[in-house]
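Below, each chain spelled out in residue letters.
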Amino acid sequence: MSQDSQHGKWTISSSDEDDEGLPPSGSSTSKPHPPVEPSKRSHRSSTPPSLKVKSEEASVDLKPEPDYAPVTSLVIGSEARQSAAVNQLNPVKYENTPSLAGKRKKEESEGSGWALSDSDDEDVDVRKTSVVKPPKRAPPSPKTKKLKVETERPPSPHGRVYYIDEPEDFFESSLPSVSDPYRFYLNKVTGLDRRYNTGALHIRDVLSPLFGTLKESVQFNYCFDIAWMVKQFPPEFRERPVLIVHGDKREAKARLVQQAKPFPHVRFCQAKLDIAFGTHHTKMMLLWYEEGFRVIIMTSNLIRADWYQKTQGMWMSPLFPRLPEGSSESAGESLTFFKRDLLEYLASYRAPELEEWIQRIKEHDLSETRVYLVGSTPGRYVGSDMERWGHLRLRKLLYEHTQPVANEERWPVIGQFSSIGSMGLDKTKWLAGEFQRTMTTLGKSSLRPDTPMHLLYPSVEDVRNSLEGYPAGGSLPYSIQTAQKQLWLHSYFHRWKADTTGRSHAMPHIKTYMRASPDFSQLAWFLVTSANLSKAAWGALEKNNTQVMVRSYELGVLYVPSAFNMKTFPVHKNPFPVSSNSGFPVPFDLPPACYSPKDQPWIWNIPYSQAPDTHGNVWVPS
């Protein structure tokens with residue numbers, strides 16, 4: 001059965017699929033060029049001269065990849081990520097012909113490229129009828145010669161021709177400003193004006209000797225390219241012990257272990273995922289130095305594609321010094337109880353491999369921390385345990401540590417994310433019920449106003465015009481099966497626009513939630529986290545609200561003004577270049593721009609062939 005909405009016509013399916021795979025995305029070739037107008041493009045597309053990466057027709061030879069290049073890396077992540085990899089390795093060029101349109105029994109909403117089925121049948125039929133027959137990919141040219149790489153580079157999980165030429169200053173490490181109270185940083189992005197990377201961090205900066213003499217580390221994450229990860233450590237730390245905390249099972253686990261065979265210093269800890277559709281989505285580094293200890297909580301996977309042309313964020317802790325011998329159990333605690341909550345989160349893994357790290361953290365002084373930890377761990381919780389994890393944990397913190405404001409009902413909630421799960425048949429099922437109640441909690445006020453909620457998720461045009469082009473959508477795994485069951489959700493959507501940080505064309509993999517004043521100049525609180533908009537990540541109430549069920553591991557940090565001796569956070573209108581301004585560096589533009597009637601949310605598993613992306617290609621899901 002089909003429905004119309006302001007965002008297009010959809011075929012409604014009865015699939016129960018919960019779109020919870022949070023895939024890494026493809027990396028990009030180089031600095032993009034503007035999308036080509038269909039009317040100005042010839043049928044045969046050639047690589048524009050502005051691209052730095054040479055075409056495969058180049059007459060130079062390619063230095064062989066190192067022996068440990070992960071051959072299985074192409075199956076890293078979800079289907080959406082894999083589709084992005086296929087589209088990059090074997091791109092389909094845009095051709096301004098009507099040949100596709102006349103070959104299928106369906107309509108296309110104007111300008112969207114969505115294939116719309118008139119089937120009333122179940123999912124199987126929807127899949128058969130809603131996917132356009134893909135254009136034939138061009139066979140490889142027999143004259144193709146390999147590229148020569150001038151300097152050895154880490155292997156890319158998305159193929160050797162998709163290296164990005166980094167500017168010479170891209171890897172110049174510098175310490176963040178000592179006066180920065182928030183310790184919230186965006187990742188560096190290639191292809192931006194230099195000022196927008198001043199004060200931003202790359203993974204090599206995070207692991208730099210400037211931050212400490214590394215002895216050992218733990219890497220919690222969802223996706224890994226082990227060989228690439230090892231190369232990001234400076235040479236002097238490259239063989240220091242690394243513990244990988246992951247959620248892979250069976251074949252995926254075997255592939256991960258295989259990747260690490262050349263690296264005897266890499267060990268593994270498998271997170272228990274006992275509830276279906278759960279993932280180990282936490283992204284955290286524990287770094288143990290000769291000088292102390294540091295925690296990084298971030299939004300990037302440990303694959304190359306996540307660190308170059310996406311908007312990502314992280315909280316970097318201060319350097320925590322070692323406590324004096326004989327200190328008490330409660331020593332080194334912060335006003336935000338960060339030490340207690342971090343130890344509780346690590347203990348939830350019930351993993352012997354983490355015991356020595358739990359002991360190390362106990363021996364350090366974490367008292368300088370000014371953020372609250374907000375985590376999710378899989379399980380069904382009752383009683384007081386319901387407030388330990390997920391959105392009920394956030395609700396408790398907002399209740400206890402924020403203050404009511406005047407005209408509270410006019411302070412909108414903003415949620416920004418890169419993946420969307422199944423929300424139910426209408427907004428009351430979860431979003432506008434329990435989740436919005438959490439997001440609108442401000443202190444001990446009993447007022448629960450019908451507050452505006454702005455949800456930021458990239459549109460098709462945002463993805464098409466991005467630095468990576470359509471393959472950026474591999475990191476935005478909203479599926480047609482999930483989307484067409486919740487058309488009501490799309491009226492909440494707002495575009496991704498980040499001119500203030502120079503990142504409008506760097507698609508977001510960061511996830512942020514906040515409460516803003518009516519004029520968007522102040523924040524009542526701010527959260528950066530790995531948690532997308534899904535019940536699996538945040539938890540959902542069950543059994544007449546007497547139990548909460550959480551499927552996944554997630555982790556983020558909450559900023560509340562009271563921890564910084566402030567009433568609200570002023571929004572920093574120009575966060576780059578970094579200055580001593582006390583404003584909070586929100587990663588995107590405020591106020592958010594609502595979708596127009598022509599805008600469509602990005603859906604990863606349908607084709608987009610009506611207009612080329614910034615690399616002259618179309619999107620054909622594999």
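The sections below set out a description of the structure shown in this document. Computed from a predicted model, the values in this text were never measured in an experiment. (Residues numbered from 1 in each chain as written. Predicted model: local features only at pLDDT ≥ 70, side-chain atom pairs only at ≥ 80, totals over all residues. Heavy atoms only, no water.)

**Focus on the overall build of the protein chain**
- In terms of helices and strands, the protein chain carries 12 helices and 26 strands.
- Relative to its full complement of 622 residues, the protein chain shows a buried share of 60%.
- Here the protein chain displays about 25,300 Å² of accessible surface, and carbon together with sulfur accounts for 51% of that area. (Helix = DSSP H or I, 4+ residues; strand = E, 2+ residues; numbered from the N terminus. Buried < 20%, exposed > 50% of the residue type's maximum accessible area, 1.4 Å probe, protein only. Areas by Shrake-Rupley, 256 points an atom, 1.4 Å probe, with all protein chains shown as cover.)

**Focus on the packing of aromatic side chains**
- Following the criterion strictly, the structure yields 34 aromatic pairs and no others.
- Note on phenylalanine 564 and phenylalanine 569: the rings are 5.6 Å apart at their centroids and 75° apart in plane angle, and the pair reads as edge-to-face. This pair shows no difference in class: phenylalanine 564 is buried, exactly as phenylalanine 569 is.
- Pairwise contacts between aromatic rings join Tyr182, Phe184, Phe526, Tyr559, Phe564, Phe569 and Phe584 into one cluster.
- Positioned above the aromatic ring of tryptophan 357 is the side chain of arginine 360, whose terminal nitrogen or guanidinium carbon lies 4.6 Å from the ring centre.
- One Lys or Arg, lysine 444, reaches over the ring of tyrosine 399 and ends 5.2 Å from the middle of that ring. (Phe/Tyr/Trp six-rings, centres within 6.5 Å; stacked < 30°, edge-to-face > 60°. Lys NZ or Arg CZ within 6 Å of the ring centre and 35° of its normal.)

**Things to note about helix H1 (residues 79-89)**
- Along H1, the residues classified as buried are Ala80, Arg81, Ser83, Ala84, Ala85, Asn87 and Gln88.
- Residues of H1 that are buried sit in contact with strand E12 (310-311) and strand E26 (617-618). (Contact = heavy atoms within 4.5 Å.)

**Focus on the environment of alanine 593**
- Looking at the secondary structure, you find alanine 593 in the loop between strand E25 (569-570) and E26.
- Measuring from C-alpha to C-alpha, the distance between alanine 593 and histidine 494 comes to 5.3 Å, with 99 residues separating the pair along the chain.
- For alanine 593, the contacting residues outside a window of four places in its chain are His494 and Arg495.

**Observations regarding the side chain of glutamine 416**
- For glutamine 416, the position within the fold is in strand E16 (residues 413-416).
- Residue class for glutamine 416 comes out buried when judged on its relative accessible area of 1%.
- There is a polar contact of 2.7 Å between the side chain of glutamine 416 and the backbone oxygen of isoleucine 510.
- A polar contact of 2.7 Å, which involves the side chain of glutamine 416, links it to the side chain of threonine 512. (Polar contact = N/O pair within 3.5 Å; in protein donor to acceptor, adjacent residues only side chain to side chain.)

**Considering the sheet that holds strand E6 (residues 184-186)**
- Judged by pairing direction, the sheet is mixed, and its 7 strands sit side by side in the order E6-E13-E11-E10-E7-E8-E9 without closing on themselves. Each end of this open sheet is capped by a strand with a single partner; those strands are E6 and strand E9 (266-270). Adjacent strand axes in the sheet meet at a mean angle of 20°, parallel and antiparallel pairs treated alike.
- Note: strand E8 (residues 242-246) against E9, 5 bridges, orientation parallel. In the strand pairing of E9, valine 242 is matched with valine 266.
- Against the sheet, helix H6 (residues 338-347) engages strand E7 (214-220), strand E10 (284-289), strand E11 (293-298) and strand E13 (313-316), with an angle of about 110° to E10. (Pairing = 2+ DSSP bridges. Axes fitted to C-alpha atoms, helices over the stretch in contact; angles between N-to-C directions.)

**Things to note about the pattern of salt bridges**
- Summed over the entire model, instances satisfying the criterion amount to 18 salt bridges.
- For the salt bridge of glutamate 468 with lysine 310, the shortest nitrogen-to-oxygen distance reads 2.8 Å. Taken together, the residues glutamate 468 in the loop between helix H10 (460-464) and helix H11 (480-483) and lysine 310 in strand E12 connect sequence positions 158 residues apart. With respect to class, glutamate 468 is no different from lysine 310; both count as buried. (Salt bridge = Lys/Arg side-chain N within 4 Å of Asp/Glu carboxyl O.)

**Side note on the sheet that holds strand E22 (residues 540-542)**
- With antiparallel pairing, 3 strands are arranged side by side in an open sheet as E15-E23-E22. Two strands bound the open sheet, and with one partner strand each, they are strand E15 (379-382) and E22. Between one strand axis and the next, the sheet turns through 30° on average, direction left out of account.
- Note: E15 against strand E23 (residues 547-550), 4 bridges, orientation antiparallel. Across the sheet, valine 382 pairs through a bridge with glutamine 547, a residue of E23.

**Points about the pairing of E11**
- Most of E11 sits out of view: 6 of its 6 residues are buried.
- Side chains Phe293, Val295 and Ile297 of E11 all project onto a buried face; the interleaved residues Arg294, Ile296 and Met298 project onto the opposite face, where all are buried too.
- Alignment of E10 against E11, held across 5 bridges, turns out to be antiparallel. Residue pairing across strands places leucine 286 opposite valine 295, the latter belonging to E11.
- Counting the residues that bridge the hairpin from E10 to E11 gives 3 residues, and of these glycine 292 lies at a positive phi of roughly 155°.
- Relative to E13, E11 is paired through 3 bridges, and the arrangement is antiparallel. Residue pairing in the sheet places isoleucine 297 in a bridge with tryptophan 315 of E13.

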